[in-house]
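# An overview of the molecular structure
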There are 2 protein chains.
Amino acid sequence: MPVTSDYLCERALLPEGVRDNVVVSCAEGTIVAVSVGADPGAAHRLAGLVLPGFANTHSHAFHRALRGRTHGGGGTFWTWRETMYQLAARLDPDSYYRLARLVFAEMVGAGFTSVGEFHYLHHQPDGTPYAEPNAMGHALVRAAEDAGIRLTLLDTCYLTGGIDAPLIGVQRRFGDGDVLGWLDRMSGFGPGSARLGAAIHSVRAVPAAALGPVASWAAENDGPLHVHLSEQPAENDACRAAYGRTPTELLHEHGALTGATVAVHATHLTSSDITMLGRAGATACFCPTTEADLADGIGPARELLDAGAALALGTDQHAVIDPFLEIRGLEHGERLRTGQRGRFAPAELLTAATVAGHAALGRPTGGRIALGAPADLVAVRTDSPRTAGSLPDQVVLTANSSDVDSVVVDGGLLVDGGEHCRLGPVGPLLTEAINAVWR
Amino acid sequence: MPVTSDYLCERALLPEGVRDNVVVSCAEGTIVAVSVGADPGAAHRLAGLVLPGFANTHSHAFHRALRGRTHGGGGTFWTWRETMYQLAARLDPDSYYRLARLVFAEMVGAGFTSVGEFHYLHHQPDGTPYAEPNAMGHALVRAAEDAGIRLTLLDTCYLTGGIDAPLIGVQRRFGDGDVLGWLDRMSGFGPGSARLGAAIHSVRAVPAAALGPVASWAAENDGPLHVHLSEQPAENDACRAAYGRTPTELLHEHGALTGATVAVHATHLTSSDITMLGRAGATACFCPTTEADLADGIGPARELLDAGAALALGTDQHAVIDPFLEIRGLEHGERLRTGQRGRFAPAELLTAATVAGHAALGRPTGGRIALGAPADLVAVRTDSPRTAGSLPDQVVLTANSSDVDSVVVDGGLLVDGGEHCRLGPVGPLLTEAINAVWR
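Presented here is a report on the structure given in the accompanying data block.

So, how was this worked out
- Residues numbered from 1 in each chain as written.
- Chains lettered and ligands numbered in written order.
- Predicted model: local features only at pLDDT ≥ 70, side-chain atom pairs only at ≥ 80, totals over all residues.
- Heavy atoms only, no water.
- Helix = DSSP H or I, 4+ residues; strand = E, 2+ residues; numbered from the N terminus.
- Expected span 1.5 Å × (residues − 1).
- Buried < 20%, exposed > 50% of the residue type's maximum accessible area, 1.4 Å probe, protein only.
- Polar contact = N/O pair within 3.5 Å; in protein donor to acceptor, adjacent residues only side chain to side chain.
- Contact = heavy atoms within 4.5 Å.
- Buried area = accessible area lost by both parts, 1.4 Å probe.
- Salt bridge = Lys/Arg side-chain N within 4 Å of Asp/Glu carboxyl O.
- Axes fitted to C-alpha atoms, helices over the stretch in contact; angles between N-to-C directions.
- Parallel < 35°, antiparallel > 145°, perpendicular 65-115°, else oblique.
- Left-handed = near helix turned anticlockwise from the far one by under 90°.

Residue and element names in this part refer to chain B. Over its 18 residues, helix α2 (residues 93-110) extends 25 Å from the first C-alpha to the last, a length consistent with the 26 Å expected when each residue adds 1.5 Å. Burial analysis of α2 places 14 of its 18 residues in the buried class, which makes it a mostly covered element. A side-chain oxygen of the first residue of α2 lies 3.0 Å from the backbone nitrogen of D94; this N-cap is D92. The first or second residue beyond α2 is G111, which carries a positive phi of 105°.

Now for the interface of chain A and chain B. Contacts between chain A and chain B engage 52 residues on the former and 52 residues on the latter. Between chain A and chain B, roughly 4,400 Å² of surface is buried when both sides are summed, and carbon and sulfur atoms account for 53% of that area. Counting the surface chain A buries against chain B, the share from its top three residues, H71(A), L336(A) and R341(A), is 18%. At the junction of chain A and chain B, the tally comes to four salt bridges.

Our next topic: the environment of A436(A). Residues and elements named next belong to chain A. With respect to the helices and strands, the residue A436 is situated in helix α14 (residues 426-438). When its relative accessible area of 37% is taken as the criterion, A436 is described as partly exposed. For the pair A436 and L99, spaced 337 residues apart in the sequence, the C-alpha separation amounts to 9.0 Å.

Looking now at the packing of helix α4 (residues 179-187) of chain A against helix α5 (residues 208-220) of chain A. All names here are of chain A. The contact between α4 and α5 brings their axes to 10 Å, and the two run at 15°. As summarised for this structure, α4 and α5 are arranged roughly parallel, according to the angle between their axes. For the pair α4 and α5, the crossing hand works out as right-handed. Between α4 and α5, the contacting residues are V179, W182, L183 and M186 on the first element and A210, P213, V214 and W217 on the second.

Positionally, D405(A) belongs in strand β14 (residues 404-409). Ignoring any residue separated from it by four or fewer positions in sequence, one finds D405(A) in contact with A379(A), R381(A), V415(A), D416(A), G417(A) and G418(A).

What follows is the structure in structure tokens.
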């Protein structure tokens, strides 16, 4: 990857709006100049519309192997989870690495330059730690390096199989015994090129007394704190029954609701939950395709933003990996829920998929084509059958992942003509890795 | 286009299931043999998974020029309609032809081999008929011929601007004065290669007394009878206020609810409406992307199917033109509405997009890879980043339009390697046609 590089964007979406003939100069992975109409010199030309790199704020990489394999027999979120557990039982550090690098490569090809991996598959199938207790985490770091995506590893505390219920079966792979075990493992984890953050799996999987210590780790290490929040009504019911509080209230009570908190899903909230998340300046990470696929429901996105929360987007279980479909899904969910069009301006949708998403992954300068930002660019074809005729600032609502032509990460060209420069065509390799996992 | 042609499908979805190495022999546009494992001889090889051609059961071709141009200012269905009217005012037979041929070409490239064009843009801007009263209809026929798609022209009776309200402004282009005017125009319309059907725009736009004559025309001419039904609660309210009946009840009362009826949207229905549509053996044509984009809501699809109605799919205003996204949208809508996964089996979803859709367009043998069916095939890449790893029968839930590699219509190869064989890359031409319309 070149240390210094210039890109000539035929057209770019800058913070001040769409501009033609923009030269973006990068050095050491950072944008050091943005010039409109400057002499392009020997700059590499990016055709179409250049957007900042997208953030995939919520990912479980291994779930990718479930795509197109869980629609046969009906069921609910909970029956889907059983299939996911069968998959979780099969992985080891090697197969996890081989699968994840291609999932991350699919993300890069779709325009994601940064991912938050919500990682809980820590130990051997019977719960015994690997000789290197963070072997699975290291596999993810190596996978992200190979694929060229910026990784924020959200190492997840997962202690119980439900409130007051022990971990059973494959869940034993997730657990560190108690929160001290989690803290101990974290203290020995040097994630190399990745950024490290903390995650509370959910109030189902982390007892109330353990919430504070995880939150403290995040605060002390200046890392984001992610948590699955109120994805299903059953979680709310269980939390109320056990603690007499909503999950949001419980997090708040234990110091786990701050500006660094990223509440994933945030689907079934009370209006007081919304106020609380907004006052904390937390981020709500919606995963619209997953929330439809898993029949979760449609959360109160507009209300959260109006209350002061930020919105981000993730592809979660990867039924699709496509920032544009998540953007459209967020807006469509709002429209279906309220009977109103244009619930978010296109710029607000782009912010969710870029600026707010990167910030939620501990990269507060990301997601802009601007001085000092990470040098991540995504060039989208504006003459595809899908994007033809769209106004430039509305292309985020009409493109899809296949319209991504070029992707620059950390100043280097990583996707060119739709193909990953290091790995080549990702599809066939992904097929092989997925077949290997199920074999 | 060759009169006789053989295709070797690497893998095909036949009525009995997925089979490898299938030779499909076509003559005069019809499938005359389907052989599994036969000697392929000189057959043209179709890679990936070959599906029957999709039916786009509800289209307003000219709305394509609105894509990516209506998300700026919020609003409702009704404010969107105002922008659509501005567009409708600009078209004449020439520009309509130039736009529609590329919209139809985009459809073919996405795997649609048949389209139902719900056509109401009949006359000059002030309502005066063109010298040839069906000039606009003929423009659509010519456009479909150029693009190579099978067209069912659903010529639409549109008489009022609301119940008891006159047509105003651009609406005058839609009207034939009264139902006798519509019948008169229809009697002079020879649509050449297209199939002709009838449409009642809606109970808002066709007075109760005119419903019977339109339905009779359809019955006498053995054509389908399409109607926008209960897309918005406001339509139901107006109909109840004027007639004391739901729109479904009103259609039923006037003989416009039969097995040939295609109720488009069918979003806001009573349970008695659902029973009535089911008993009639009508088809409900859902347009999930449009119904989300226009904030219509999510209709009772599963209940309609269970009641005896058929389900079909359309891209309507063409916010996207993608059979896979409509399939997914139908299933996702159900999941969001009910909290259950797998509301439709993948085979049921494919039936909606193929067999039921073609039947609703007056092509009852379409949508199957089987003896005697129209020779329409769609080869989908199963090794794209999107489809990699999917089970073959679930690819309809993971692919998108960009994964369509080849399309055969009427026995001839029309799309090859994702490109339209006659027109070349559709995107740039479409951009030009759309810009021309708005200029």
